[in-house]
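Chain by chain, the residues run as shown.
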Amino acid sequence: LEKAMKGRQPADLMLRCTILDADGNVKTISGQFRRAELCSEHRLNPRDLRKIDSRVPNLVPTILVRKEAILVNILHIRALVKADTVVLFDTYGSADSRLHSVFLYHLEHNLRAKVSGLPYEFRALESILLSVLSALEAEMVFIRNLVGGLLAELEDDIDHDRFKRLLHYSRRLASFQNRAKLVQEALEEVLEQDEDLAAMYLSDKKNGVPRKAHDHEELEVLLESFSKQVEEIVNEAENIQSNVQSTQEIVELILDSNRNALLALDLKVSILTMGIGIGTLVVGVFGMNLKSHIEEHEYAFYVMTAVSFAAFIGAAWTGVRRLSKIRKVGLSNGNRKRPEKRRYSLFSLRGRRYEGW
Amino acid sequence: LEKAMKGRQPADLMLRCTILDADGNVKTISGQFRRAELCSEHRLNPRDLRKIDSRVPNLVPTILVRKEAILVNILHIRALVKADTVVLFDTYGSADSRLHSVFLYHLEHNLRAKVSGLPYEFRALESILLSVLSALEAEMVFIRNLVGGLLAELEDDIDHDRFKRLLHYSRRLASFQNRAKLVQEALEEVLEQDEDLAAMYLSDKKNGVPRKAHDHEELEVLLESFSKQVEEIVNEAENIQSNVQSTQEIVELILDSNRNALLALDLKVSILTMGIGIGTLVVGVFGMNLKSHIEEHEYAFYVMTAVSFAAFIGAAWTGVRRLSKIRKVGLSNGNRKRPEKRRYSLFSLRGRRYEGW
Amino acid sequence: LEKAMKGRQPADLMLRCTILDADGNVKTISGQFRRAELCSEHRLNPRDLRKIDSRVPNLVPTILVRKEAILVNILHIRALVKADTVVLFDTYGSADSRLHSVFLYHLEHNLRAKVSGLPYEFRALESILLSVLSALEAEMVFIRNLVGGLLAELEDDIDHDRFKRLLHYSRRLASFQNRAKLVQEALEEVLEQDEDLAAMYLSDKKNGVPRKAHDHEELEVLLESFSKQVEEIVNEAENIQSNVQSTQEIVELILDSNRNALLALDLKVSILTMGIGIGTLVVGVFGMNLKSHIEEHEYAFYVMTAVSFAAFIGAAWTGVRRLSKIRKVGLSNGNRKRPEKRRYSLFSLRGRRYEGW
Amino acid sequence: LEKAMKGRQPADLMLRCTILDADGNVKTISGQFRRAELCSEHRLNPRDLRKIDSRVPNLVPTILVRKEAILVNILHIRALVKADTVVLFDTYGSADSRLHSVFLYHLEHNLRAKVSGLPYEFRALESILLSVLSALEAEMVFIRNLVGGLLAELEDDIDHDRFKRLLHYSRRLASFQNRAKLVQEALEEVLEQDEDLAAMYLSDKKNGVPRKAHDHEELEVLLESFSKQVEEIVNEAENIQSNVQSTQEIVELILDSNRNALLALDLKVSILTMGIGIGTLVVGVFGMNLKSHIEEHEYAFYVMTAVSFAAFIGAAWTGVRRLSKIRKVGLSNGNRKRPEKRRYSLFSLRGRRYEGW
Amino acid sequence: LEKAMKGRQPADLMLRCTILDADGNVKTISGQFRRAELCSEHRLNPRDLRKIDSRVPNLVPTILVRKEAILVNILHIRALVKADTVVLFDTYGSADSRLHSVFLYHLEHNLRAKVSGLPYEFRALESILLSVLSALEAEMVFIRNLVGGLLAELEDDIDHDRFKRLLHYSRRLASFQNRAKLVQEALEEVLEQDEDLAAMYLSDKKNGVPRKAHDHEELEVLLESFSKQVEEIVNEAENIQSNVQSTQEIVELILDSNRNALLALDLKVSILTMGIGIGTLVVGVFGMNLKSHIEEHEYAFYVMTAVSFAAFIGAAWTGVRRLSKIRKVGLSNGNRKRPEKRRYSLFSLRGRRYEGW
């Protein structure tokens, strides 16, 4: 605890970041910067930078609007967007360098392309959101394939090992769902606050023409479009989730019903065994070294053999009949339900349609 | 990922669409148009058209209001409604051509019928929503029949295969429920924004008399009526869903209770087998080729046979009695509950009515 | 589908309805009227009447405020209330004529009693809501008795057939709950919209003194009072629902625990059977027609009998001891938990009170 | 139904109530009053009094603000608070007279103590809310002890009877939770409406200085303080509830796992029995009264005995080995999971931390 | 009850507290103060102090803004922050003195450091929230490790004792989750009320320059930053929670599936036993001391032995075949599903993608 409380204050003075200038060219790659310098240069509060500090993992994505900059911290991207500069902070352990280089390539390209009509900071934002979106989409497709494949395997065989994989996948899915929802919430939080939206027109601000609080249609359409697409992903993840859920429920029912079938077969075997036991007992009686005077009869052997098998078959048949009575399971209960039906009708205003089931 | 990010930019230049003119006549059927041309002709943002692009499947339905057009993308319909034209985009793989031709027939008819008092764009919208509604309704009725039939079958017999079908149906149901809810949300989202509603009076806008933000009662009543009907469908789907849910729960209880019955019968059989075993043991003792001096007694055979059967019956009877004690399961626990009841009453302010249960 | 889309347009021209005049007298009973005439007479939109059309079953109740009338469609009642007329539409298949005649009697009486100070349309509304309320209440009491009785039966005996009835009742309950909630939502929707409330003062409107948007206390108190009572019913239904739910959960636990008890007894029997088997094996050894020279010993018979029974008892005892070790199930796990307890205390800020459990 | 509709109108003309005057002295104890008189005396609407009528049990508590009075109907208390009088209605069957007399004592005392600075009506309200709060608290403590004790018992032994008690307690808990939540909602409903809060300053109104809508800090602090305390109780009840829930879930898992242990032991016994059976079969073969020429060998007896026991042990050993293979259950699945892990890493943006589990 | 109602009024006159002055120096350590004096000195309402009274445990954290002070009551900290003094109340039984001393050290340090630009009261608040946050974080990390470790153990072996620990951990987790959520709600409640935020600028108020209702950006940023971090913790706790949940569900499935495997093996053993029984019966028949004339045949012994083993093997083989038919469980049901698929396609507007599963 002590560490936690102290560790928050000084230390960690260096941050690695990549800087792009106003023309979209990379000025520095993974350069080391002092935290304090960054703060003063970009007029940030040290508390803001802490969020971006790569060593503290953040689950909750944030888009913070500051005086001269927008601080974006979503999934794998931690960036500081200004009216003429983009600072990308290296996230700690972001081994996924391919995703990052595609993003960088797209960002450079987009920053150069001034024709689109969007100001510099929004083009940067667009690239960032596009990268986030494609990362989410890729993961969603990946999980959908994993889960879909597993569920398809379950079609063929319900198996122990598959449940274990199901557990791993549904953990992944839950964690993904959570992340996607948080991204959506972060976008919507920004969209809801008119002041923040207006304050994000950094170029205008720099040129001394700050936007009015309600004049931000361009940005709203941009963010809304991404928000809709993230919503689509969240929705799809929920679909997968509910699919997994209902599969689990049905699998449990199938296992239960299968168990009953196993038990019923077991019971049949037990009944046969019992019948055989009776036969053996009958037969054993005559195996005793005692005089019964039956040994003197000519056909006693055949009669007793028949008797023992008859006892076997009789006992088994009785057992199997009782079993088959129990085995017949259905939801309807024959004649008892009828009279109640009639009592229902008095009040079944609209419930009628559903009662037939 | 790379593909995902790049694929979003250019490409896909052609779209197939059907165009209806101001008199409701079909001008072009499945004609090919350049995306860029469509954008410039109808003054749309390319980003808007992307939603309608048939190759990207969309789950989340949208009704977008643009300067001169309304973009509708709900379920099987992707349309661009203007003050004097309706452009229907062919959805990729929409094999359900019958649904589509009925829709087209109705749309043509409705666009021609100028008597209803509604402007051109609302008549188009009405046809679109009607088609969506009847598609939802048809699917709902279809699923209701499927599920209802299956649940009726479960009345007769709880069966393995039926659970598998139940799984398939409840996946269908969940996916349908999701779609219906999203349609309702899309309608309500439009209804909530007064500016959008007013901006949908395209004919008035074209004639240079844009509506004021609060003057949109006609449209509101139209959309509200559809929204109510979709709500009804959503509600019904939820009913089916809760029905399936409670059936699953009870089926599980029934399977459990059936399993206990099977076990109890098994136990009876086991007990009998054990009793028979005792008899066999007794009898076997006298089958030993050892001298016991009992063989000299005259009635030893009959006595020992009786003893062995008595052992059998005694053991079985003891077992069955213990079983029947366990089998009696109820929720009440005889005399122990009483004293607590008295302690309850002190605080049972209003809980009284529920305690009797 | 085609039918669905076409069926919506013309057809269904006749509606049966009962009309009461300004003095509460029944003018027409179940008279047939043309839909178009009704529309023009009461200045309604045909779309409004469609909701009331008895052939389309409606789950979602609605209270629509139109220029000269209030259209009420709740449960079994579909009525058009005007400043001096009440039109009751016959609901298709409303066999529950007793409920209806009580309602009609009350409505007539209430419309005549001008002393209460409420305008004509509110007295009609009061009667309608009262009838709805008493229908809901009656059904709630009925279901409560059904479910309560069933749960009381479950106290005595947990049974197969009872689960089936439980399923039927909980479907009924869910459907009732849904309907009651929808009624409440319909009432609250009206209560939330000041314009609608003001527009419901039809008499004032007719007399040319329309109410201002915020001057509707009388009506608000009236509707709020019904809303509260419906809330009470919804609340009670939820109570029953949660009761059923927790009973199901506990019944499952009891069945599980009972199954374990059955298994344990089964195991005991199996162990005894195994012991007997060992005895039989020992005894059988000496039943072989082979020379073992043991047959020459005098007391061999008694020794071997004793040995066989000892084997039986030894095996059984060992088995029963292992069983009893497994059978002892509790939530605490002896000594292992203690050391962790100590580690807890460091952070157990307020969790302390709950840890004792 | 008829009764329900008629029963609502006249009848029930007498109410029993206790009246306290402006100095906190009891004027009448359980005096009988006509309903109509009460209405006219306190300028109430008959509909308001109906809520307080003791014969209709109310679950949903209400605080109604009328022109000259506050009508309070929470749990066991039904009171009419005016600027100089408090009328307490006797609740039907409120046997809990001790709670009531403590309340009456406190109320008298509080009404006399004019020093606190609060006006008469708020002192009455304070006493009422305090009584409600202490009743809720007492019941919560009582239920917490019941449930806590039961859960502690479950630590030692998971038992049939305990589940039944658990059912009764969790019904009680659910009903209590419901009541506490409704009390909180009632308080918050009042707190949300500024007009109502201002209208509750009855003394000021009587003195002709009605409060302005936003000038009600005193009352707000008073109600908020009670609301917070009720929230605390609701929160605690939810804690107990979630505790019960998670205990049920784990108990089910433990019963399941115990059942598997029982089955495994059963299986071991079955395997031994089967082995013994094989031995008996071998031995039995030589018990046949048939010539096998083996009887002539000297050590045949010992050899066959050894063979039979070897068959027994061999069969049992094979069985037990297969059993132990099945019995080893874990969530990890050895080597199969690894390769997938590698494929994960591509997209495991932030999911990384959770994968280790 | 009586005690509860009386106990609330007088008594408890002394409170122990630690006071820090305007320079951050500790003036008094655990000094005893009269409640009444504290109230009058800091101009508090006695009701406010009751919340802070250490003997009543509070679950719901509160931040109350009073005229000259902020009352903070979160988790282990109960403090009164004024413009130049901080009063820390000793919480009853707060054995966790280390957490407290770290907090005190940090608070002193922070109060002295006037350079940060924040007024005195906000520096105190910052220290308090930081201590709360690090306490939450520490507990979260601790629980995450506990649960993570347990789930990792479950990977290896699903065990009885582990479930018991799981129960204890998930209770802890639920209680932690609840606390963290309540802290977040308390922070957000303050953030939502502009008046309260403005009223918290105690220094300005003291200097006679009260803030306007909307001028509180500094404080908002401070509180928002803590709120975000608590949200992160809540989010993580929910992740752990959902992880535990899905693990429980899968463990149940695995136990179920394992039980089926056990049953299947049991069945195999039973079938073998039955087969052996048949063999024994056959053999026993010839053990009878009855004449069958078969004993005279030369190879009768070998024939009958073969017959008995054949019966054994035949019976066992039949049984095992039937078993293997039941054992094959999958979700797909061969050929029956196909025809329905075709009927689906009519309406499978967008459901198509999910059907493949």
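What you are looking at is a predicted structure, and each value in this text was computed from that prediction instead of being measured. (Residues numbered from 1 in each chain as written. Chains lettered and ligands numbered in written order. Predicted model: local features only at pLDDT ≥ 70, side-chain atom pairs only at ≥ 80, totals over all residues. Heavy atoms only, no water.)

**Describing the pairing of strand β3 (residues 62-65) of chain C**
All names here are of chain C.
Next, step 1: In the sheet, β3 pairs with strand β4 (residues 69-74) via four bridges, with the strands oriented antiparallel. If you follow Ile 63 over to β4, its bridge partner there is Val 72.
Next, step 2: Two successive antiparallel strands, β3 and β4, enclose a turn made up of three residues. (Pairing = 2+ DSSP bridges. Helix = DSSP H or I, 4+ residues; strand = E, 2+ residues; numbered from the N terminus.)

**Some thoughts on the interface of chain B and chain A**
Next, step 1: Facing 77 residues of chain B, the contacting portion of chain A comprises 71 residues.
Next, step 2: At the boundary of chain B with chain A, total buried surface from both sides reaches about 6900 Å², with 62% on carbon and sulfur atoms.
Next, step 3: Here chain B and chain A share two salt bridges between them.
Next, step 4: Linking chain B to chain A there are 10 residue pairs in polar contact (both at pLDDT 80 or more).
Next, step 5: Elements supplying a minimum of two residues to the side of chain B that touches chain A: α1 (2-7), α3 (46-52), α5 (120-156), α6 (160-192), α9 (217-285) and α10 (300-327) of chain B. (Contact = heavy atoms within 4.5 Å. Buried area = accessible area lost by both parts, 1.4 Å probe. Salt bridge = Lys/Arg side-chain N within 4 Å of Asp/Glu carboxyl O. Polar contact = N/O pair within 3.5 Å; in protein donor to acceptor, adjacent residues only side chain to side chain.)

**Some remarks on the sheet that holds strand β3 (residues 62-65) of chain D**
Residues and elements named next belong to chain D.
Next, step 1: Strand order across the open sheet formed by six strands is β2-β1-β6-β5-β4-β3, with antiparallel pairing between neighbours. The sheet terminates laterally at β2 (26-34) and β3, the two strands that pair on one side only. Averaged over all pairs of adjacent strands, the angle between their axes in this sheet comes to 20°, without regard to strand direction.
Next, step 2: Inspection of the sheet shows strand β5 (residues 77-82) paired to strand β6 (residues 86-89) by four bridges, in the antiparallel sense. Within the sheet, the bridge partner assigned to Ala 79 lies in β6 and is Leu 88. (Axes fitted to C-alpha atoms, helices over the stretch in contact; angles between N-to-C directions.)

**Observations concerning the sheet that holds strand β2 (residues 26-34) of chain C**
Strand-to-strand pairing in sheets goes through backbone hydrogen bonds, with the strands running parallel or antiparallel.
Residue and element names in this part refer to chain C.
Next, step 1: With antiparallel pairing, the six strands of this open sheet are ordered in space as β2-β1-β6-β5-β4-β3. Looking at the sheet topology across the chains shown, the edges are occupied by β2 and β3. Along the sheet, successive strands turn relative to each other by an average axial angle of 20°, direction set aside.
Next, step 2: Helix α5 (residues 120-156) rests against β1 (14-20), β4, β5 (77-82) and β6 (86-89) of the sheet, and its axis sits at about 170° to β5.

**What to know about the relation of the copies chain E and chain A**
Next, step 1: When chain E is fitted to chain A, the residual RMSD is 0.1 Å, and the transformation amounts to a turn of 72° plus an axial shift of 0.0 Å. Both copies are brought into coincidence by an operation consistent with a five-fold rotation axis. If distances are taken from each C-alpha of chain E to the rotation axis, the shortest is found for E:Gly287, at 4.5 Å. (Least-squares fit on C-alpha atoms with pLDDT ≥ 70 in both.)

**Section: helix α10 (residues 300-327) of chain E**
Next, step 1: Taking 1.5 Å of rise per residue, 28 residues should cover 40 Å, and α10(E) covers 40 Å from first to last C-alpha, within 8% of that figure.
Next, step 2: Of all the residues in α10(E), the buried ones are E:Ala300, E:Phe301, E:Met304, E:Thr305, E:Ser308, E:Phe312, E:Ala315, E:Ala316, E:Gly319 and E:Leu323.
Next, step 3: On its buried side, α10(E) packs onto α9 (217-285) of chain A, α9 (217-285) of chain D together with α9 (217-285) of chain E. (Expected span 1.5 Å × (residues − 1). Buried < 20%, exposed > 50% of the residue type's maximum accessible area, 1.4 Å probe, protein only.)

**Comments concerning the packing of aromatic side chains**
Next, step 1: Within the structure shown, the criterion is met by 10 aromatic pairs over all chains.
Next, step 2: Centroid distance C:Phe122 to C:Tyr201: 4.8 Å. Interplanar angle 80°. Geometry classified as edge-to-face. Here C:Tyr201 lies in the loop between α7 (194-199) and α8 (202-206) and C:Phe122 lies in helix α5, a separation of 79 residues in the sequence. With respect to burial, C:Phe122 and C:Tyr201 carry one shared label: buried.
Next, step 3: Relative to E:Phe312, the ring of E:Phe309 has its centre 6.3 Å away and its plane inclined at 50°; by these criteria the two rings are tilted. (Phe/Tyr/Trp six-rings, centres within 6.5 Å; stacked < 30°, edge-to-face > 60°.)

**Quick notes on the environment of A:Phe103**
Residue and element names in this part refer to chain A.
Next, step 1: Its location among the elements puts Phe 103 in helix α4 (residues 97-112).
Next, step 2: Owing to a relative accessible area of 1%, Phe 103 belongs among the buried residues under this scheme.
Next, step 3: Residues Phe 103 and Val 26, spaced 77 residues apart in sequence, show a C-alpha to C-alpha distance of 13 Å.
Next, step 4: Apart from the residues within four sequence positions on either side, Phe 103 is in contact with Ile 77, Leu 88, Ser 127, Ile 128 and Ser 131.

**What about the pattern of salt bridges?**
Next, step 1: Using the criterion set out here, one finds 69 salt bridges over all chains in the structure.
Next, step 2: B:Lys228 is the salt-bridge partner of C:Glu189, the closest N and O atoms lying 3.5 Å from each other. Of this pair, C:Glu189 sits in helix α6 (residues 160-192) while B:Lys228 is found in helix α9, placing the two residues in two different chains.
Next, step 3: Given the relative accessible area of 42%, C:Glu189 is considered partly exposed.
Next, step 4: For D:Glu238, the salt bridge is made with D:Lys181, and the minimal N-O distance between the two is 3.9 Å. In this pair, D:Glu238 sits in helix α9 while D:Lys181 sits in helix α6 (residues 160-192), placing the two residues 57 residues apart along the sequence.
Next, step 5: Ionic contacts of the salt-bridge type, sharing partners, join the residues A:Asp256, A:Arg259, B:Asp256, B:Arg259, C:Asp256, C:Arg259, D:Asp256, D:Arg259, E:Asp256 and E:Arg259 into one network.

**Some points on the packing of α9(D) against α9(E)**
Any two packed helices are characterised by how steeply their axes cross, that is the angle between the axes, and by the distance between the axes.
Next, step 1: It is at 9 Å that the axes of α9(D) and α9(E) come closest, and there the two elements cross at 15°. Taken together, α9(D) and α9(E) sit at an angle that is classed as roughly parallel. Here the hand of the crossing between α9(D) and α9(E) comes out left-handed.
Next, step 2: Partitioning the contact of α9(D) with α9(E) into residue classes produces 19 nonpolar, 12 polar and nine charged. (Parallel < 35°, antiparallel > 145°, perpendicular 65-115°, else oblique. Left-handed = near helix turned anticlockwise from the far one by under 90°. Nonpolar A, V, L, I, M, F, W, Y, C, P; charged D, E, K, R; others polar.)

**Thoughts on the nonpolar core**
Next, step 1: Ranked by internal contacts, the top residues of the largest apolar core, which has 335 residues, are A:Met200, B:Met200, C:Met200, D:Met200 and E:Met200.
Next, step 2: Among the nonpolar cores identified, the runner-up in size contains 120 residues, and A:Leu290, B:Ala316, C:Val285 and E:Leu262 belong to it. (Core = buried A, V, L, I, M, F, W, Y, C linked by side-chain atoms within 4.5 Å.)

**Focus: the interface of chain E and chain A**
Next, step 1: Contact residues are listed per partner, giving 71 residues for chain E and 78 residues for chain A.
Next, step 2: Both sides together, the interface formed by chain E and chain A hides about 7000 Å², and carbon and sulfur atoms give 62% of it.
Next, step 3: Scanning the region where chain E abuts chain A turns up two salt bridges.
Next, step 4: The shortest N-O distance in the salt bridge between A:Arg259 and E:Asp256 comes to 3.3 Å.
Next, step 5: Every element with two or more residues in the side of chain E that touches chain A is listed here: α4 (97-112), α5 (120-156), α9, α10 and α12 (352-355) of chain E.
Next, step 6: At 36 residues, the largest contribution of residues to the side of chain E that touches chain A is made by α9(E).
Next, step 7: For the side of chain E that touches chain A, the per-class residue count stands at 29 nonpolar, 23 polar and 19 charged.

**Let's talk about the side chain of A:Gln184**
Next, step 1: Position of A:Gln184 among the secondary structure elements: in helix α6 (residues 160-192).
Next, step 2: Since its relative accessible area comes to 11%, A:Gln184 is described here as buried.

**A look at a nonpolar patch on the surface**
Next, step 1: On the surface, a nonpolar cluster with roughly 400 Å² of combined accessible area is contributed by A:Tyr299, A:Tyr302, A:Val303 and A:Val307.
Next, step 2: On the secondary structure map, A:Tyr299 appears in the loop between α9 and α10 (300-327). (Patch = residues over 30% accessible without salt bridge, like charges linked within 9 Å, V, L, I, M, F, W, Y side chains within 5 Å. Areas by Shrake-Rupley, 256 points an atom, 1.4 Å probe, with all protein chains shown as cover.)

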